[in-house]
Structures are given as structure tokens and as C-alpha cells.
Amino acid sequence: MTMTDRITAPLSKIFISLRLRLLPLSLQTLSEKFFYFHVQFRRSRTRTTSTMLPAHHRACRKIHPDGENSPIEQVALTVPATDDPNLPAFTFRTLTLGTLSCILLSFLNQFFFYRREPLSLSSISAQIAVVPLGYLMAKTTTDRVFFKGRQFEFTLNAGPFNVKEHVLITIFANAGAGNAYAIHIVSSVKIFYKKELTFFVALLLLITTQVLGFGWAGVFRRYLVEPAAMWWPQNLVQVSLFRALHEKEKRTKGGLTRNQFFVIAFLCSFAYYVFPGYLFPMLTSVSWICWIFPNSILAHQLGSGLHGLGIGAIGFDWSSISAYLGSPLASPWFATANIAAGFFLITYVITPIAYWLNIFKAKTFPIFSDGLFTYTGQSYNISAIIDPNFHFDTEAYEREGPLYISTFFAMSYAVGFACLTATVVHVLLFHGREIWQLSKSAFQEKKMDVHTKLMRRYKQVPEWWFTCILLINIAATLYACQYYKDQLQIPWWAILLACALALLFTLPVGVITATTNQTPALNVITEYVMGYIYPGFPIANICFKVYGYISMKQGINFLQDFKLGHYMKIPPRAMFMAQVIGTVISALVHLATAWWLINTIPDICDRELLPAGSPWTCPGDHVFYDASVIWGLIGPRRIFGDLGHYSTINWFFLAGAIAPFIVWLAHKTFPSKPWIKLITMPVLLGATVNMPPATAVNYTSWILIGFASGFIAYRYYRNWWSRHNYVLSGALDAGLAFMGVLLYLCLGMEQISLNWWNSHSDGCPLASCPTEPGIIVEGCPVF
């Protein structure tokens, strides 16, 4: 056992014993306690272990002689409290490799997003791939200095490839790693509604929705980036990976360095994905209950992981496990537990009760589906209720009859209502004091942790940079809405209202994301508001949703990147430039890829016309289109209001507001019960917000792995967890990404596939059948 292990082993025991005493405290008190403990520990450890640190770390320790560290334990175990301000960051290598990474990831993510099992390639793939390229460019690029001695002096080779360049390249890649949400509008208009939308208007829509988030990020960065309590768990995965790739570790006897561990895990993930990705697709959802009862509709409804409630279903496919909730290895255990509780409550309590009591004619439709139905259980003909002016036809709707949705779809909207009010009330009750204090103190020196202190040596991004981007973007949006209203339908005043909603919800949602790694989806409020104010215009509704909700989500993504730069000590202005350039490039590539696919793949997204087994089924676009019909075309009044069949769902708004108050009251009444405060109602109620298109097996598998990592490994194998947990997450993502791309390039593009019993990813054909007597659906028995 090394000297470091002898010191950290008793430390883990001390943390475990302290945790029960510290959890009932407020966030501020908790931070102060951890801060004091870490200061004392680091002071004692500095004298013992300073000679064991890498040379550049020993040099950097001069910046913080007191040996401070973060008050958040996970951050203190993962993020180095050191900095080398002499390392160049925004270099020719950064711009070249960052742009290449952004273009490649934008293309691949948009390409795979239209597929039945969307493969999401994270920036970790680029983070790994650029390492050899960075070192190659450092060796081969000329080190000649251009305009030497002048104001614009520069060189193409800034010396050895370093970690700060690597972080900025990853920030470029992050811009392309996510899906450009406004592409859903392009797909809905051109594919589902079959209406005109020019490339220029689509590009304007995409860029303005992507860039608007910079404004909200600039407003709230002081609340969501600088405070230590806002620790953004997902960033720790990338920090661990950066350290594994750049720091030199001495291998302990019988152990592995983080670099060696990453390589082994990466190769295993890479080799394994050939099974769920090609040879055995059924590994995506092993629904064994359907195998035992092959002719039972009830068993298929309960056991199907893709079309039912997923009881007993489990997936052995990392792409499906991390597809909608992110990596379970990056989720804190209390957040995982809240997700598990919410998933169980909604999937196994509320939905079955509503279905078997036949609430909302539930038995006429599948128990789990994203489809739109008539009262007889048939698919609704949406084109029949649209007039020639692309507006809702009231008389045609009266003839066709009311629209119905599946039980689970209805319940997902219900808990979405509850999640909305729960988010606001939860943040006010549990974080209101901290937010108010931050507003008054404006981050005085005594409030800063070590990472914020280290970042103060760099030039900050002026507030007016963000303000200018925000105002220019709003002006461009108003121009697009005014001069292209025939294509976008949205009036100018709706843009200002959408911006107001985004401004209102960015802070509470950001607090939840920064502390739990889960982002409550509040798109329902934008759809609801616009649907009531401006019904009958489907494109106006989804545009309002994108400007009101997605701009907020983009702002949170930018804030998360700012926090990554905060941890890795990247100059803020370099971070800003990387984000702006990467976002614009990503928007262009996403749109170009989508435009190309829409115009080259016959019947893309049309499940009825596509050949059997075609992967181009577009699950995410279908749900987005359904929402445009429900909230925009028909309007919430005819679905959830006094003219609809789902009006009782509105009571969930009240339930969501009450739920956090009950938790807060219980915490105040029983302060000796620390687990009460860990009940986070926005996360619990928003657990199934991604369902559909996410399915039950995505959640069951995610929860099991999250339990193994966040509870078992974190509590009983702390040393292993601190060294390898986040590195393992990055390795699994990277291995999956590279094999997924390789499979498509070698086999998918050549349409080489296997067709045998294991090629079907679920094996539960009766899960989508109704159980109401007399309802006739093709492929289902009649009762």
C-alpha cells in the first residue's frame, strides 16, 4: 500500500461517519463543513505527499499555499486544485482539431438521430480521438513565428500538446455532441405536415435558437458556475478522463493506472458492442416474461421493455442504457434513487391503475405508445383536420371525432405538469436563501472556493458580450417571425413571451441540473401557454416551445461547459470563443445533414410506408410531431381543457406544488432523518419525462447500474470509485461510439444485415394490443 493509500483509506472512513451528521444541514452549512475539513486535511497531507506529485503540480501549488480544496467531496476527489497559467489554450491546434471534432460529431449525431435506436455520440469520443492528433501536430507543425515583434505575432505551433488545448477542443466537440432541437421543426414541417420550409428560414431558426442560450448563460453564470455547491456531476466524467490522458501515474503493485484502466475498458466496450449492435439486437431489451407467456397480452404489456411496462426487462446495451438519462455512473446516488422512485410510481402504480380502471377509455389503446388515436383505437388521420391555409379545421374535427392518446402518454403529460410547479417550489424552499444571499453578496472573496480563486487571475468575459449576443439574437428572431410568418406562423409578441419564460426558469432548472445531474423538462409550460393563447397553428406552437424551452436548455449546456472550463482552469474568454464558434458550426452541419437525409431517404420517418426492419423510424421526431398536433393544431382546450377528455390532469399542477412543501415540512419536523432532504421532487416527478420516446428498459437498466455505482461502489469501495468510476463511464461511451460508427460504415451502408429470431429487439408482439372488447386492430386478437 502506498503512502497516499495509507492516508486516503482512513479518510474514506471519516467521510462515511461524517455523512450522516452533515446531510441534515443546509447547503451552505454543508459546504462550510466540508470546506473546513478539506483545508485541514490538505494542510496535513501537503507535507507528506508533495514530493509524490508530478513536477508541474508541485510548481502549481505555489498558487494556493494553504492547500485548499472543494467542499464537495466528489469534486475534491476528482478535480485537481492546481493550475499552470503559462499553458497556452486557444491555439492553431485548438481551432483545427476543435472544428474537425465539431463537424464530425454534428454529422454523426444528426445522422443517427433519425434511426430507431438513436446512437448518441458524446464529446468523449472526440476527446479520445484527438489525443494522438494533437501530439502529431505538435511534432510536425512548423514552429515559425509569423509577424515576429509586431502586434499580430503568432505561431502555428505553441509547443507540446497540453491539457488546456484538449479541454477547448472538447468544448468545440460538445457543441456538436448534442442534437439541435430546432431540427424537429424542420422534420415536422417537411416530413409530417409536408409543407414548405426554405433552407434559409430553417438556418435562421436553427442559429437563433442555439445562440439565444448564451444570453441566459451570461445572466446566471454567477449563480450556477462560481459557487462550489453548483458542482455539475456530469463534468467529473470528463475531468477524470483528462487526468487519465495527461497525468503520469506510478502503477501500484497489483493495480492499474487510470490510463491503463481506460484502455482496457475501452477495448472491452468496443469489442462487446458488436453483439447488441449487430449480432444479437435482442440484448437491447431482454423481456423474458414474454418468452414464458408468448400468447398473453397481459404478460406482454407487463413484460415488454420497449412497448410495455418493462417488468423484469433488462438491457445489456450501453447505448440504450445511457441514451436518454446520460451515464448512470455520473449520477449521484440520491438523484438515481429519486429517478427510481419516480419511475416506479408512474410506471407501476399510476399507469396500471389508470389503465385497468379504464380511465380515459384506456383499454381501447395500447398501454404504452406515442401514437394518436380515434375513439375506436385506430390511428388518427391528422391531415383531415387541417385546412388549405395550414390551420385547424373545426368542422372536420367534429366529423372525425376527438383525439385520444395512450395511458402512459397521458400520464407522462400529467407528471410533466406536476414537475413544472414542483421545480419552482423546490428551489424556493430548499435553495431560496442561498440564491438570495448570492444576489446580495455578489460573491465576495470569502464566498469563493479554491477553483473560483484560481480563475480570478484570468480576464473574465464582460457582461456586455452576452448582452449584445442576446439583443442581436432577439432582433434576428423578430425579423424572421415578421417576414417569414407564412412559414413559421409565430407572431412577434410570442418571441418576447418565450424569452420571458426562458429567463424565469433558467435559474431553478439550472440549480437542479447542477446538483443532481438531471434536467427537468419544462417544455410543457411553453406548449400549454401558446396552445391556449394562439390555438390552431401547429408550427407557431413548436417554434414558441423551441425559443422558450430549448434556449433555456442551451443556456444550461453552456453553463455546464463553463463549469468544465472552471474546473480545468481555462481562460473564460477562450471558453467563450470556443462555444460561439462551435455552436455556429454545429448548427450549419446539423441542418445540412438533416436536409440531405430528408431529401435522399425515401419515406423517412413514415412507419407505414417504410420496409419492414428499416431503421429510419425517427422516434424522437414522432413524439415532437404528436406534441405539435396536441398543443398547437388542436390546442390544449380541446384536449386538457373544458372541451377535452383529459381535463382532470390539470390537478397535477396543484399536486406538484404541494409535493416539495410536504418534503420540506417533513425535513423541518424530523431534522434527525437525513434521507428526507434527499427527496428531490422535481427529479422524482420528472423521472419519466423522456418516456416516450424512451422506454421502460432504458430506465430499469440505468437504475440498476446507477445503484451499483452510486451506492455500492461509492459506499464500500470508495478508493476504486474515486479512481475509476468516471474513467469507466468515458471508456464505455468511447468504445460504443467507435464500434457503432464502424458497424454502420462497414455493414449498414452496404445494407448487410442478419435476419433470425435474435434480430428482433424485444419479442413482445402483443404488447401494443388493446384489451377493450370489440376493438379490432391488425395483428391483435379480438375479445
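It should be emphasised that the depicted structure is a prediction, and the values quoted were computed from it without experimental measurement.

A.B. asks: How should I be thinking about the overall build of the protein in this particular structure?
C.D. replies: Broken down by element type, the protein carries 31 helices and 4 strands. When each of the 783 residues of the protein is scored for burial, the buried share is 59%. When contacts within the protein are restricted to residue pairs at least 6 apart in sequence, those whose partners lie at least 24 apart make up 79%. Only carbon and sulfur atoms are counted for the fraction: they give 64% of the accessible area of the protein, which is about 32300 Å².

A.B. asks: So what exactly am I meant to see when it comes to the pattern of salt bridges here?
C.D. replies: A pair can form between side chains of opposite charge whenever their charged atoms are brought close. Evaluated as defined, the whole model comprises 7 salt bridges. One salt bridge connects K164 with D83, and the closest N-O pair in it is separated by 2.9 Å. Of this pair, K164 sits in helix α7 (residues 163–177) while D83 sits in the loop between α4 (73–78) and α5 (92–113), and the two are 81 residues apart along the sequence. Looking at D83, the relative accessible area reads 3%, which means it is buried. Residues E226 and R456 are paired through a salt bridge, measuring 3.3 Å at the closest nitrogen-oxygen approach. Within this pair, whereas E226 is found in the loop between α9 (199–224) and α10 (234–246), its partner R456 is found in the loop between α19 (450–455) and α20 (463–483), the two being separated by 230 residues in sequence. Relative accessible area serves as the criterion here: at 39%, R456 is assigned to the partly exposed category.

A.B. asks: Explanation requested: the state of the cysteines in the structure shown.
C.D. replies: Joining two cysteines, a disulfide is a covalent bond between their sulfur atoms. Going through the model one piece at a time under the given rule, you end up with 3 disulfides. Disulfide pairing is shown between C769 and C780; the S-S distance is 2.0 Å. Handedness here is read from the sign of the S-S torsion; for C769 and C780, about -85°, the answer is left-handed. Of this pair, C769 sits in the segment after α31 (718–748) while C780 sits in the segment after α31, and the two are 11 residues apart along the sequence.

A.B. asks: Would you mind showing me how to read the packing of α9 against α20 here?
C.D. replies: Angle between the axes and distance between the axes: these two values describe a pair of packed helices. Viewed as axis vectors pointing N to C, α9 and α20 meet at an angle of 150°, and their least axial separation amounts to 8 Å. Taken together, the axes of α9 and α20 are roughly antiparallel relative to one another. Remark: the crossing between α9 and α20 carries left-handed chirality. Between α9 and α20, the contacting residues are L204, I207, T208, V211, L212, F214, G215, W216, G218, R221 and R222 on the first element and E463, F466, I469, L470, N473, I474, A476, T477, Y479 and A480 on the second. Its residues assigned to classes, the contact of α9 with α20 shows 13 nonpolar, 5 polar and 3 charged.

A.B. asks: Where do I start with the side chain of H622 in this structure?
C.D. replies: For H622, the location among the structural elements is in helix α26 (residues 619–634). Looking at H622, its side chain comes within polar contact range of the side chain of R607, at 3.3 Å. Those residues in contact with H622, other than ones at most four positions away along the chain, are F192, D370, C605, R607 and T617.

A.B. asks: In this structure, what is going on with α20? I would like to understand it.
C.D. replies: Residues spaced three or four apart along an α-helix face the same direction, because each turn holds 3.6 residues. With 21 residues, α20 should reach 30 Å at 1.5 Å per residue; the first-to-last C-alpha distance of 31 Å fits that figure. When we look at burial in α20, the residues that qualify are F466, I469, L470, N473, I474, T477, A480 and C481. Taken down its axis, α20 places every buried residue within 130° of arc, on the same side. Structural note: α20 exposes W464, L471, I472 and Y483 on the side pointing more than 90 degrees away from its buried face.

A.B. asks: What am I meant to see in the nonpolar core here?
C.D. replies: The tendency in soluble globular proteins is for nonpolar side chains to be buried as a group. In this structure, Y114, L403 and I490 are the most contacted members of the largest nonpolar core, which totals 195 residues. Here this core takes 17 residues from helix α24 (residues 538–568), the largest share from any one element.

A.B. asks: What should I look at first to understand unusual backbone geometry in this one?
C.D. replies: Negative phi is the rule for most residues except glycine; trans is the rule for most peptide bonds. A cis geometry characterises the amide bond from M691 onward to P692, with omega recorded as -25°. When you line up the elements, P692 lands in the loop between α29 (681–685) and α30 (696–716). We note that N358 has phi near 60°; this positive angle belongs to a residue other than glycine. On the accessibility criterion, N358 (27% relative accessible area) is partly exposed. A positive phi angle is found at Q489, which is not glycine, with a value near 70°. Among the structural elements, Q489 can be located in the loop between α21 (485–488) and α22 (492–516). A relative accessible area of 6% places Q489 in the buried class.

A.B. asks: I would appreciate a short explanation of the packing of α7 against α24 in the present structure.
C.D. replies: Taken N-terminus to C-terminus, the directions of α7 and α24 make an angle of 175°; their axes are 11 Å apart at the nearest point. Here α24 runs roughly antiparallel to α7, going by the angle between their axes. Only D561, L564 and M568 of α24 make contact with α7, whose side of the interface consists of V163, K164, V167, I171 and N174. Residues of the contact of α7 with α24, tallied by class, amount to 5 nonpolar, 1 polar and 2 charged.

A.B. asks: Can you help me understand a nonpolar patch on the surface in this one?
C.D. replies: Together, W492, W493, L496, Y532 and I533 make up a nonpolar patch on the protein surface, roughly 490 Å² of accessible area in all. Ranked by residue count, the leading element in the nonpolar patch is α22, at 3 residues. Its place among the elements puts W493 in helix α22. W493 sits in the partly exposed class, given a relative accessible area of 31%.

A.B. asks: How do you make sense of the environment of W651 when you look at a structure like this?
C.D. replies: Among the secondary structure elements, W651 is positioned in helix α28 (residues 651–669). Sequence-wise, W651 and A414 are 237 residues apart; in three dimensions their C-alpha atoms are separated by 8.4 Å.

A.B. asks: Can you walk me through the side chain of T700 in this structure?
C.D. replies: Along the polypeptide, T700 turns up in helix α30. Excluding residues that lie within four positions of it along the chain, T700 makes contacts with G310, A313, I314, F343 and Y348.

A.B. asks: Help me understand the confidence of the model for the protein, please; the structure alone is not making it clear to me.
C.D. replies: Reading predicted coordinates in detail is not appropriate for stretches of low pLDDT. Looking at the protein, the pLDDT average stands at 81 and 87% of residues meet or exceed 70. Averaged pLDDT values for the elements of the protein fall to 32 in helix α2 (residues 27–49) and rise to 92 in strand β4 (residues 404–405). This stretch, residues 441–446, has a pLDDT under 50; its non-local contacts, to residues over four places away or in other chains, come to 9 contacts.

A.B. asks: I keep staring at the environment of N650 and nothing clicks. Help me out?
C.D. replies: Positionally, N650 belongs in the loop between α27 (636–639) and α28. Given the relative accessible area of 22%, N650 is considered partly exposed. Taking the C-alpha atoms as reference points, N650 and A414, 236 residues apart in sequence, are found 7.2 Å from one another. Here N650 is in contact with F417, Y528 and F640, once residues within four sequence places are set aside.

What counts as what
Residues numbered from 1 in each chain as written. Predicted model: local features only at pLDDT ≥ 70, side-chain atom pairs only at ≥ 80, totals over all residues. Heavy atoms only, no water. Helix = DSSP H or I, 4+ residues; strand = E, 2+ residues; numbered from the N terminus. Buried < 20%, exposed > 50% of the residue type's maximum accessible area, 1.4 Å probe, protein only. Contact = heavy atoms within 4.5 Å. Areas by Shrake-Rupley, 256 points an atom, 1.4 Å probe, with all protein chains shown as cover. Salt bridge = Lys/Arg side-chain N within 4 Å of Asp/Glu carboxyl O. Disulfide = S-S within 2.5 Å. Axes fitted to C-alpha atoms, helices over the stretch in contact; angles between N-to-C directions. Parallel < 35°, antiparallel > 145°, perpendicular 65-115°, else oblique. Left-handed = near helix turned anticlockwise from the far one by under 90°. Nonpolar A, V, L, I, M, F, W, Y, C, P; charged D, E, K, R; others polar. Polar contact = N/O pair within 3.5 Å; in protein donor to acceptor, adjacent residues only side chain to side chain. Expected span 1.5 Å × (residues − 1). Arc of directions from axis to C-beta. Core = buried A, V, L, I, M, F, W, Y, C linked by side-chain atoms within 4.5 Å. Patch = residues over 30% accessible without salt bridge, like charges linked within 9 Å, V, L, I, M, F, W, Y side chains within 5 Å. pLDDT = per-residue confidence, 0-100.

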